Amino acid sequence: MDTTKLLSLLRTCSGSGSKSLIRAKLIHQKIVIQGLQSNIVLCKSLINLYFSCQNYDSANLVFRTIENPLDLSLWNGLLAAYTKNYMFFEALDLFDRLLQNPFLKPDSFAYPSVLKACGGLGRVGCGKMIHTHLIKTGFGLDIVVSSSLVGMYAKCHKFEYAIKVFDEMSARDMASWNTVISCYYQDGQADKALELFKKMRDSGFEPNSVTLTIVISSCSRLLDLERGKEIHKEYVKDGFVFDSYVSSALVDMYGKCGCLEMAREVFDQTPVKSVVAWNSMIGAYSSKGDSKSCIELFRSMHWKELNPQ
DNA sequence: GTAGGGTTAG
């Protein structure tokens, strides 16, 4: 069996569950038998497959078995896989090993994952060191890297630093704006978040579902029903199949503002209801003292085989 | 056919 065949096998094998894990191990075995355990493309695909099966030890083993892992994208892919799965210690550990490798240097694709790990662990000291390094190397000019810096400082509750980095960015994209709007929201400054939302639109950006989630939540926190309604009308199209984050935020906003009818309307229109949507709707009835509806919803939540948290 | 950042409640 050649590399192309193995690669297409790996690609059809996506998904989780025990079945695909067994298949992953079989393909892994074939790769080793053919002596292809240092083939970068195959290893990257196999590592991703093991991650989708949540078998992190095997993914790690694949990486460690590669004789000369001198391909940066392999490291960056593993770093991203770790942070995507909230394995922040593992990500920082891998980054350390990358720094120790005499033949490799981290590039602009490595830093976003590492900064996310720093933020996730609240390691602001580590984040600051990386910040200094980014200024020296020039990688901080990269829009994704600098947005990650903003996010890292915000996660570490260093909001002044976060805003400073954002203000100094020479170019911004949608995600940078979302990061800074979310930063104000996290800092308890929902009014500032809405202010930045306006600035974002004035700069020529149309909000996406991430933006809408944060600004609707900001309206909720400010109990600003009128503003929330406006945003709902203007940006969330009628009969549109809602994004589950946006619809949960809307249910919460209407519920908090005491507008039960609208909360229920959005809730009923949401095809795939998240746990947050259920909790927000139940919370809305609860705040009105309507325990009958609370219990009714709680029962149908179980009926839908959704586990309450 | 390569690898990166941003989202909701309690």
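Look up: the structure comes first, before these words.
Computed from a predicted structure; not experimentally measured.

This part takes up the protein's contact with DNA strand B. Around DNA strand B, the surrounding shell holds 41 residues, and the nearest of these are Ser-108, Ser-147, Asn-178, Asn-208 and Lys-256. Of all DNA strand B atoms lying within 4 Å of any protein atom, the proportion belonging to sugar or phosphate reaches 36%. Here a sugar or linking oxygen of DNA strand B sits 3.2 Å away from a polar atom, N or O, in the side chain of Ser-148. Take Thr-179: an N or O atom from its side chain is 3.4 Å from a sugar or linking oxygen of DNA strand B. Sorting the residues of the surface near DNA strand B by element identifies α5 (72-84), α7 (111-121), α9 (143-155), α11 (174-186), α13 (209-222), α15 (244-256) and α17 (275-287) as the ones contributing at least two each. Tallying contributions element by element places α11 first for the surface near DNA strand B, with 7 residues. When its residues are assigned to classes, the surface near DNA strand B shows 13 nonpolar, 18 polar and 10 charged.

A word on empty space enclosed by the protein. This model, assessed by the stated rule, comprises 1 cavity of 30 Å³ or more. Here the largest cavity defines a volume of roughly 30 Å³. Of all elements in the fold, only α2 (18-33), α3 (40-52) and α4 (56-65) reach the threshold of two or more residues within the lining of the largest cavity. The element best represented in the lining of the largest cavity is α2, accounting for 3 residues. Residue composition of the lining of the largest cavity, by class: 5 nonpolar, 3 polar and no charged.

Below, the discussion takes up the side chain of Ser-146. Note on placement: Ser-146 falls in helix α9. Residue classification places Ser-146 among the buried residues on the basis of a relative accessible area of 5%.

For the rest of this paragraph, the subject is the nonpolar core. By size, the foremost hydrophobic cluster in this structure holds 95 residues, and its most contacted members are Ile-181, Ile-231 and Met-281. The dominant element in this core, judged by the number of residues it contributes, is α3, at 8 residues. Look past the residues within four positions of Met-281 in its chain and what remains in contact with it is Val-251, Leu-260, Ala-263, Arg-264, Phe-267 and Leu-297.

Our next topic: α15. Under the 1.5 Å per step criterion, the end-to-end length of α15 is 18 Å for 13 residues, consistent within 8% with the ideal 18 Å. With 10 of its 13 residues buried, α15 lies for the most part within the structure. Buried within α15 are the following residues: Val-246, Ser-247, Ser-248, Ala-249, Leu-250, Val-251, Asp-252, Met-253, Tyr-254 and Gly-255. If you follow the buried residues of α15, they end up packed against α13, α14 (225-235), α16 (260-269) and α17. Capping of α15 at its N-terminal end is provided by Asp-243; its side-chain oxygen lies 2.8 Å from the backbone amide nitrogen of Tyr-245. Once α15 ends, the next one or two residues include Gly-258, with phi positive near 80 degrees.

Definitions and limits used
Residues numbered from 1 in each chain as written. Chains lettered and ligands numbered in written order. Predicted model: local features only at pLDDT ≥ 70, side-chain atom pairs only at ≥ 80, totals over all residues. Heavy atoms only, no water. Near = heavy atom within 4 Å. Polar contact = N/O pair within 3.5 Å; in protein donor to acceptor, adjacent residues only side chain to side chain. Helix = DSSP H or I, 4+ residues; strand = E, 2+ residues; numbered from the N terminus. Nonpolar A, V, L, I, M, F, W, Y, C, P; charged D, E, K, R; others polar. 1 Å grid on protein atoms, 1.4 Å probe; cavity = no way out; pocket = protein on both sides within 12 Å on 5 of 7 lines; lining within 4 Å. Points joined across faces, edges and corners; volume = space filled by probe spheres on them. Buried < 20%, exposed > 50% of the residue type's maximum accessible area, 1.4 Å probe, protein only. Core = buried A, V, L, I, M, F, W, Y, C linked by side-chain atoms within 4.5 Å. Contact = heavy atoms within 4.5 Å. Expected span 1.5 Å × (residues − 1).

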